Amino acid sequence: MAALGWLTPRRRSATARSVLAGEASAEAARKSSQELEELAQEGAPEGTEPEFPVIGDDKAAAFFDLDNTVMQGAAIFHFGRGLYKRKFFETRDLYRFAWQQAWFRLAGVEDPEHMQDARDSALSIVKGHRVSELMSIGEEIYDEYMAERIWPGTRALAEAHLDAGQKVWLVTAAPVEIATVIARRLGLTGALGTVAESVDGVYTGKLVGEPLHGPAKAEAVRALAAAEGLDLGRCAAYSDSHNDIPMLSLVGHPYAINPDAKLRKHARKLDWRLRDYRTGRKAAKVGIPAAAGVGAVAGGTAAAIALHRRRR
């Protein structure tokens, strides 16, 4: 893929594959956003701090990590459960997905080996399938496994940006097709996600660049901001993981949402705003509305085991 030429000077930690993944994700997100309906309304509540997000600021936007920030658990694991239900793979693969999801929920952070294993499995499963088929299935899987796992508090934050007339993007290592489905169902502008290679609308089983993770997320945000004419100093970013510190550090308004221990420590050191919706206590209002946290739901492992038992 030819370079898009959108990038401004970047950190040395970004590899060539990170840049390629970021550029590919930004290009895919801009195309998909044209098909998504924006929900922009005027008005935003006042707070004790200067009004944020600023109404009518067309140089500002918001970027939200997906897994454990917008949604409980990891999108790729929920997607795997949905594919298993449709007989895309066997029971032993489901147990691997279930174990990875259980570990993710207990640890609250992304394990590189687990995530790589899940990505490799997903690529092998979708190889030879049409992109349109996976998009259609993604709609069904969202209703089955994802809709009830959206954090109301984080959704309220995203809606505040939309109400101020700003664009809101998901930024995730999940496949861009699934991320786009989730963004559309939440009324967001679009999604930056991992781009799987396809030829004539059929998946080849390879990635373009690398998964949109860590530095690659920052490259995607940087590329999209340049293409959209955004001022990153006026933009906001939200994440739960220390892996996203490169992305959070790009913007003028970084937020730690349901943060892991490393991100919480980093956020407190730099005086970043924090929100935690995992405990059920009401989130503090700091210049932007937030809903109360939601209660716990059944874990992926329990659901997977129950599903298997019903099939026996």
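Now for a description of the structure that goes with this document. From a predicted model like this one, the values you see are computed outputs, not experimental measurements. (Residues numbered from 1 in each chain as written. Predicted model: local features only at pLDDT ≥ 70, side-chain atom pairs only at ≥ 80, totals over all residues. Heavy atoms only, no water.)

1. What to know about the packing of aromatic side chains
Under the defined criterion, the tally for this structure stands at two aromatic pairs. Consider the rings of F64 and Y238, whose centres lie 4.1 Å apart with planes at 5 degrees: the pair is stacked. Here Y238 lies in strand β6 (residues 236-239) and F64 lies in strand β1 (residues 61-65), a separation of 174 residues in the sequence. Ring centres of Y238 and Y255 lie 4.5 Å apart, and the angle between their planes is 20 degrees; this geometry places the pair in the stacked category. Taken together, the positions of Y238 in strand β6 and Y255 in strand β7 (residues 253-257) put the pair 17 residues apart, joining distant regions of the chain. In this structure, Y238 and Y255 share a single accessibility class: buried. Taken together, the aromatic side chains of F64, Y238 and Y255 make up a single cluster linked through ring pairs. (Phe/Tyr/Trp six-rings, centres within 6.5 Å; stacked < 30°, edge-to-face > 60°. Helix = DSSP H or I, 4+ residues; strand = E, 2+ residues; numbered from the N terminus. Buried < 20%, exposed > 50% of the residue type's maximum accessible area, 1.4 Å probe, protein only.)

2. Some words on the pairing of strand β3 (residues 190-194)
Remark: a regular strand shows side chains that alternate across the two faces of the sheet. Taking burial as the measure, the five residues of β3 include five buried ones, the bulk of the element. Between the parallel elements strand β2 (residues 167-175) and β3, the chain passes through helix α7 (residues 176-185) in a crossover that is right-handed. (Right-handed = clockwise from strand over helix to strand, strands pointing away.)

3. Looking at the pairing of strand β4 (residues 196-199)
In this sheet, strand β5 (residues 202-207) lies alongside β4 in antiparallel orientation, the contact comprising three bridges. Its bridge partner lying in β5, A196 is registered against L207. The turn linking β4 back onto β5 is made up of two residues, and D200 within it adopts a positive phi angle of 55 degrees. (Pairing = 2+ DSSP bridges.)

4. Here's the deal with the packing of helix α5 (residues 131-146) against α7
Running from N to C, α5 and α7 point in directions that differ by 50 degrees, and their axes come no closer than 9 Å. Viewed along their axes, α5 and α7 adopt a mutual orientation that is oblique. Relative to α7, α5 is oriented so that their crossing is right-handed. Between α5, through V131, L134, M135, G138, E139, Y142, D143 and M146, and α7, the contact on the second element is made entirely by E177, I178, V181, I182, R184 and R185. Its residues assigned to classes, the contact of α5 with α7 comprises eight nonpolar, one polar and five charged. (Axes fitted to C-alpha atoms, helices over the stretch in contact; angles between N-to-C directions. Parallel < 35°, antiparallel > 145°, perpendicular 65-115°, else oblique. Left-handed = near helix turned anticlockwise from the far one by under 90°. Contact = heavy atoms within 4.5 Å. Nonpolar A, V, L, I, M, F, W, Y, C, P; charged D, E, K, R; others polar.)

5. Here's the deal with the sheet that holds β2
Through backbone hydrogen bonds, the strands of a sheet pair up, either in parallel or in antiparallel fashion. Ordered by their spatial adjacency, six strands build an open sheet running β3-β2-β1-β6-β7-β8, and the pairing between neighbours is parallel. This sheet does not close on itself; its edge strands, each paired only once, are β3 and β8 (273-275). Pairs of neighbouring strands in the sheet enclose a mean axial angle of 20 degrees, with direction left out of account. As judged from the three bridges shared by β7 and β8, these two strands associate in the parallel manner. For I257, the partnering residue across the bridge sits in β8 and is R275. Packing against the sheet, α7 makes contact with β2 and β3, and its axis sits at approximately 145 degrees to β2. Helix α8 (residues 215-228) contacts β1, β2 and β3 of the sheet and is inclined by roughly 145 degrees relative to β2.

6. Let's talk about the pattern of salt bridges
Within the structure shown, the criterion is met by 16 salt bridges. In this structure, the salt-bridge partner of D276 is R264, at a minimum N-O distance of 2.9 Å. One end of the pair, D276, is in the loop between β8 and α11 (300-311); the other, R264, is in helix α10 (residues 261-270), with twelve residues separating them in the sequence. D276 sits in the buried class, given a relative accessible area of 11%. A relative accessible area of 21% places R264 in the partly exposed class. Measuring nitrogen to oxygen at the nearest pair gives 2.7 Å for the salt bridge that ties R278 to D276. (Salt bridge = Lys/Arg side-chain N within 4 Å of Asp/Glu carboxyl O.)

7. Structural notes on unusual backbone geometry
Even without glycine at this site, D200 takes up a positive phi of about 55 degrees. With respect to the helices and strands, the residue D200 is situated in the loop between β4 and β5. By relative accessible area, D200 is classed as exposed at 71%.

8. Re the nonpolar core
Membership of the largest hydrophobic core comes to 45 residues, with the highest contact counts inside it found for F64, L83, M146, L170, I182, L188 and Y238. The element contributing the most residues to this core is α5, with seven residues. Membership of the second largest hydrophobic core comes to 27 residues, among which are A61, F63, A220 and L248. (Core = buried A, V, L, I, M, F, W, Y, C linked by side-chain atoms within 4.5 Å.)

Distances and angles like these do not, on their own, reveal function.
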